[in-house]
Amino acid sequence: MELRRAEPDRNTGTNPVSLYGEFTVTGNRKVRYAVSLTERDLIVQRLTSTPVGRNKVVLSLKDCVGCRAYRQDDNADPAAYLSAYFYPLKRRWMSSGVSRQRVEQCFRLSALQDPRANLEEAEKWARAVRERSARQQYLRDGVSMSELSRPCRMMLLVNPQSGKGQALTLYNNTIQRMLNEAGVPHTLVITERQNHAREMVREADLSQWDALVIMSGDGLLFEVINGLLERADWEEAIQIPLGILPGGSGNALAASIHHYSGASPVSSEELLVSCGFLLCKGLVSRMDLVSIHLSSSPRLFSFLSLAWGFVADVDIESEKYRHVGAARFTVGTLVRLASLRVYKGKLAYLPATEEYNKEEALRNNVTLHHCNNQASSLSPASVLCRPSRDSPCENTFHNSCHSNNSLKVRRTESTPSRSANKSLTGPPDSLLLPLDQPPPSDWVVVQEEDFVLMLAMYQSHLAEDLMAAPGAASDDGVIHLFYVRGGISRTALLKLFLAMEKGAHLATNCQHLVYTKVRALRLEPYSPKGIITVDGEVVEYGPLQAEVHRGLARLITG
């Protein structure tokens, strides 16, 4: 047929065609398409007499989350169907910039009269698309990440009250479909109260799960991480890959993961689609955790931030504006600027020296291999498990940790609780002395005692639209410490936070802003009243100290 001359050359170039077929599309059986599969792309070309370029679509397999073959219920129709799901970066319709947008390609295969033969051909194509998509190499910061295929059992925890109270709706409208397209079976668990997730992961039989994913604000992940590290088997438990989907008002970690992917800034549902795509791709990286000692409370573990002063005040006092979503922080900032507070206290820290940074970089520059089936032996940057290619995607729904006997609660009556004997689970802190002793001699003690704010960051974003630590990475092994000295004007502080939206605050040359990288810190508030937050959660007000533990957790970053 003359039109075949327009098909891609299968034997030349660096991207040869490995599969070729001519199919119709669902909804229009009169128009035929030439479909070519290469190692990197799925090429779809309408067979017409018009020039090739106008009818050719090239879809990168890097943007593919899944592909399936199936037959419809009509027994009189011998055809099989092939659906491939892509989320490429495309220009927005109504504004500048790009975001990930869903593209589905669905073809009808009816070359043979035997329905089984048509289905076998469609399944051959579906397997080939999945395998080539899985073989795509991702190179980020010099680290090559490979794909892994095996069944994955994902627990997806949703807080229906987070943000505007729309997390469950967002799951139903967006995430459920994406996970189904990717063939990722998951169990939905709706949290019912504060610390529900913490209690559940502390007691659950984690051998039933290959990944824990949170759809909420950052507070729910704070619960999960601390629940994992309160277990007797914390060393194994903390290796389970953790995922985050934005469903709250802050969504700082979700925005950070999107930023680490190299994509341009997005927000709201575009951020949700981006994080859903990265979750479906299933690449796993290391994530630093910071241990925080308070004066009389058990040790906490933090993945995002530690704040005192202006930032903590805005975060907590803006809770009354939660109904407006992420805009609550803007409103809270303006309210707090109108009555600016100055706090007295003492700040000390252990600097992260150049020698330390070089040693950490060398330690992190390793050759990565495929991880095996044990979560505890995941390589530093490995891959989230996937379902077997021929197994159906099975989703289950739970609204409590005991429903349907899905989570086998492991009793630990023989293990004394933390509150009973004050013993600590989790890794030991090697850089910290007791709070009632002076800091070690190699620490820096800040001379100023008047502070507007102190902010310790270990991810890039403090909120969807606040890039507080633009140079941060999920596993750089340092705490990015910022503090603003007393004496700053309201106008200068407002300019600082406006610049922070794009991570440009360090370029403002504000004389009151100090930024340094540290490995540990100590804060002793002198002001009798104030707010201290850890990952956006209020903690005991008083002296505290913190130390970073590099790569302690595993984070799904796509």
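Look up: the structure comes first, before these words.
Fair warning: this is a prediction, and the values are worked out from it, not measured in the lab.

Caption draft 1: Region of the structure containing the overall build of the protein chain. Helix and strand counts for the protein chain come out as 12 helices and 28 strands. For the protein chain, with 558 residues in total, the buried portion stands at 56%. Looking at the protein chain alone, contacts between residues at least 24 apart form 73% of all its contacts between residues at least 6 apart.

Caption draft 2: The arrangement of a nonpolar patch on the surface in detail. Nonpolar side chains collect at one region of the surface, where L334, L494 and L498 lie side by side and expose about 260 Å² of accessible area between them. Relative to the assigned elements, L334 resides in helix α9 (residues 328–338).

Caption draft 3: Just the nonpolar core, in detail. Core analysis: the largest hydrophobic core is formed by 121 residues, its most contacted members being L156, L228, L306 and L521. Looking at which element gives the most residues to this core, the answer is helix α7 (residues 268–281), with eight residues. When sequence neighbours within four positions are dropped, the list of residues in contact with L156 reads Y171, I175, L179, H186, T187, L188, V189, V213, M215 and L245. Counting residues in each nonpolar core, the second largest holds 25 residues, with L19, Y33, C67 and F107 among its members.

Caption draft 4: Seen up close, the sheet that holds strand β4 (residues 56–60). Read from one edge to the other, the open sheet built from seven strands follows the order β4-β3-β2-β1-β9-β6-β5, with strand pairing classed as antiparallel. Among the strands making up the open sheet, the edge pair consists of β4 and β5 (64–70). Direction aside, the axes of adjacent strands within the sheet are offset by 25 degrees on average. As paired strands, β5 and strand β6 (residues 80–86) are joined by six bridges and run antiparallel to one another. Along β6, the bridge assignment pairs C64 with F86. Docked against the sheet, helix α1 (residues 115–134) engages β1 (17–25), β2 (28–38), β3 (41–46), β5, β6 and β9 (103–109), running at close to 170 degrees with respect to β5.

Caption draft 5: Representation of the environment of T174 within the structure. Tracing the backbone through its elements, the reader meets T174 in helix α2 (residues 167–181). Between the C-alpha atom of T174 and that of G276, which follows or precedes it by 102 residues, the distance is 8.4 Å. Not counting the four nearest positions on each side in its chain, T174 is found in contact with L272 and V273.

Caption draft 6: View of the side chain of R100. Examined against the element boundaries, R100 turns out to sit in strand β8 (residues 98–100). In this structure the side chain of R100 is engaged in a polar contact, spanning 3.1 Å, whose partner is the side chain of D63. Within the local environment of R100, its side chain forms a polar contact with the backbone oxygen of Y87, the two atoms lying 2.6 Å apart. Ignoring anything within four residues of it in the chain, the contact list for R100 reads D63, Y87, P88, L89, V273 and F277.

Caption draft 7: Fine view of the packing of helix α3 (residues 196–203) against helix α4 (residues 218–229). Relative to each other, α3 and α4 sit at 30 degrees, their axes nearing to 7 Å. On the basis of their axis angle, the class for α3 and α4 is roughly parallel. Along this stretch, α3 crosses α4, giving a crossing that reads as right-handed. Contacts between α3 and α4 involve H196, A197, R198, V201 and R202 from the former and L220, F222, E223, V224, N226, G227 and L228 from the latter.

Caption draft 8: A look at the pairing of β1. For β1, the tally of buried residues reaches eight of nine residues, placing the bulk of the element in the interior. Between the antiparallel neighbours β1 and β2 lie two residues, among them G27 with a positive phi of about 95 degrees. Two elements, β1 and β9, share two bridges in a ladder whose sense is antiparallel. Bridged to T24 within β9 is R108.

Thresholds applied
Residues numbered from 1 in each chain as written. Predicted model: local features only at pLDDT ≥ 70, side-chain atom pairs only at ≥ 80, totals over all residues. Heavy atoms only, no water. Helix = DSSP H or I, 4+ residues; strand = E, 2+ residues; numbered from the N terminus. Buried < 20%, exposed > 50% of the residue type's maximum accessible area, 1.4 Å probe, protein only. Contact = heavy atoms within 4.5 Å. Patch = residues over 30% accessible without salt bridge, like charges linked within 9 Å, V, L, I, M, F, W, Y side chains within 5 Å. Areas by Shrake-Rupley, 256 points an atom, 1.4 Å probe, with all protein chains shown as cover. Salt bridge = Lys/Arg side-chain N within 4 Å of Asp/Glu carboxyl O. Core = buried A, V, L, I, M, F, W, Y, C linked by side-chain atoms within 4.5 Å. Pairing = 2+ DSSP bridges. Axes fitted to C-alpha atoms, helices over the stretch in contact; angles between N-to-C directions. Polar contact = N/O pair within 3.5 Å; in protein donor to acceptor, adjacent residues only side chain to side chain. Parallel < 35°, antiparallel > 145°, perpendicular 65-115°, else oblique. Left-handed = near helix turned anticlockwise from the far one by under 90°.

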